[in-house]
Amino acid sequence: MIIQGLPRTVKQVIVPPIKCQGIKTKLVKFILSNISWNGKGRWIEPFLGSGAVLFNVQPERALLNDVNPHIIRLYQMIYDGSLSPEQVRLYLTTEGKKLLSNGEDHYYLIRECFNRTRNPLDFIFLNRSCFNGVMRFNSKGEFNVPFCRKPDRFRQSYITKIVNQISQVRRIMQGKEWVFFTGDWREVLSNVDVDDFVYLDPPYIGRHTDYYQEWSEDDAEDLARVVRNLPCGFALSMWKENKYRLNQHIEFYWNGLIERTFTHFYHVGSTENLRNSMEEALLIKHGYETVLIETTKSDKPIQLEFALHEQAG
Ligand SMILES: C[S@@+](CC[C@H](N)C(=O)[O-])C[C@H]1O[C@@H](n2cnc3c(N)ncnc32)[C@H](O)[C@@H]1O
């Protein structure tokens, strides 16, 4: 068996077939180039979300968890072959045509159906045609995001894009020893070995959080306590600062770790110059961070960008 660990240079980021708030596609290169792990144990993600980080790490062995059962069911079915890319294409083509002729009524019909049957195909449909690609549920566990208001959402090219994303993650999963689990992060972290590596991306306190269940201050405190006592390496993603606020939780719960930061920009209006910046942090257990090498500008490796932001915690 070839043991592949980290850091990893990602040339082309793998984009997962589902979207969720806090998706790390834009941060994957930053995350994977800053973690040092020998790859001998399991890659553990207690807060899997879309799986953007996982699909770019592509570990041989993994333990993957989310409290949201729809995410886990979908990936489990792709993993064991009970949901194929061809089925998704057929379904999206049929339902996409109905959406085009019936408009939002059809979206809400699928939403109602999904909330009764939990069909993973409906889940993909809703995830890829809801407003802003967010995943939000009410207190009864019902998906409640409104329609994106584009009846022609499932054009042929869009369907092909989604189907290709499913085929790609299926190829990545093939032959790998991955275990999927639906539950609370506590259960997953109670069974961790020295060689494992845990990547944590919990919901952000103080920002929009209603993914599937509430994320409280108690959860955050508990998580920090449990994670600090893990026998293996770990890294945690957390927003650090934007124009308006500094995330106090980093100092409060996660001080003393290696801190690497990365600034990215997002648009707040239609014109190019209306941009806000957001600083994201990766907090890493000592000994599991990459060593940053100083190089000349002409020989600039990807890590130099991160070296500019680096601060030891
Ligand atoms: C910030 S998102 C993860 C995003 C992911 N890294 C990505 O790139 O798409 C946080 C995830 O934690 C899950 N979650 C929330 N509370 C949880 C809990 N108590 N235990 C396990 N997962 C939980 C949410 O359902 C959500 O998918």
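Every value quoted in this text rests on a predicted model; they were computed, and no experiment measured them.

Q: Teacher, can you tell me more about helix α6 (residues 120-127) here?
A: In an α-helix, one turn spans 3.6 residues, which is why side chains three or four residues apart end up on the same side. Counting buried residues along α6, 8 of its 8 residues qualify, which places the element largely inside the surrounding structure. Looking at α6, one finds that the buried residues are Pro-120, Leu-121, Asp-122, Phe-123, Ile-124, Phe-125, Leu-126 and Asn-127. In this structure, the buried side of α6 is in contact with α3 (69-80), α4 (85-102), α5 (104-117) and α7 (156-173). Between the side-chain oxygen of the N-cap and the backbone nitrogen of Leu-121 there are 2.8 Å, and the N-cap of α6 in question is Asn-119.

Q: Please explain the pattern of salt bridges as it appears in this structure.
A: Two side chains bearing opposite charge may form a pair once their charged atoms approach each other closely. Counted under the stated rule, the structure contains 11 salt bridges. Two residues, Lys-24 and Asp-201, come together in a salt bridge whose shortest N-O distance is 3.0 Å. In this pair, Lys-24 is assigned in the segment before α1 (28-34) and Asp-201 in the loop between β4 (197-200) and α9 (217-228), connecting sequence segments 177 residues apart. For the pair Lys-24 and Asp-201, a shared accessibility class is recorded, and that class is buried. Its salt-bridge partner being Asp-222, residue Arg-225 comes within 2.7 Å of it at the nearest N-O pair. Remark: Asp-222 and Arg-225 occur in helix α9; sequence separation between them is 3 residues, near one turn of the helix. When salt bridges with common partners are traced through the structure, they connect Asp-184, Arg-186, Asp-219, Asp-222 and Arg-225 into a single cluster.

Q: Quick question: what am I supposed to make of the environment of Leu-74 here?
A: Structurally, Leu-74 is set in helix α3. Counting along the chain gives 49 residues from Leu-74 to Phe-123, while the straight-line C-alpha distance between them is 8.4 Å. If we ignore the near neighbours within four places in the chain, the residues touching Leu-74 are Ile-18, Leu-83, Pro-120, Phe-123 and Ile-124.

Q: Is there a simple way to think about the site of the ligand in this case?
A: Around the ligand there are 23 residues in total, and Lys-24, Ser-50, Asp-66, Asp-184 and Asp-201 lie nearest to it. One nitrogen or oxygen atom from the main chain of Lys-24 is found 2.9 Å from an oxygen atom belonging to the ligand. Alone, the ligand offers 610 Å² of accessible surface; in the complex the protein occludes 99% of this.

What counts as what
- Residues numbered from 1 in each chain as written.
- Predicted model: local features only at pLDDT ≥ 70, side-chain atom pairs only at ≥ 80, totals over all residues.
- Heavy atoms only, no water.
- Buried < 20%, exposed > 50% of the residue type's maximum accessible area, 1.4 Å probe, protein only.
- Helix = DSSP H or I, 4+ residues; strand = E, 2+ residues; numbered from the N terminus.
- Contact = heavy atoms within 4.5 Å.
- Polar contact = N/O pair within 3.5 Å; in protein donor to acceptor, adjacent residues only side chain to side chain.
- Salt bridge = Lys/Arg side-chain N within 4 Å of Asp/Glu carboxyl O.
- Near = heavy atom within 4 Å.
- Areas by Shrake-Rupley, 256 points an atom, 1.4 Å probe, with all protein chains shown as cover.

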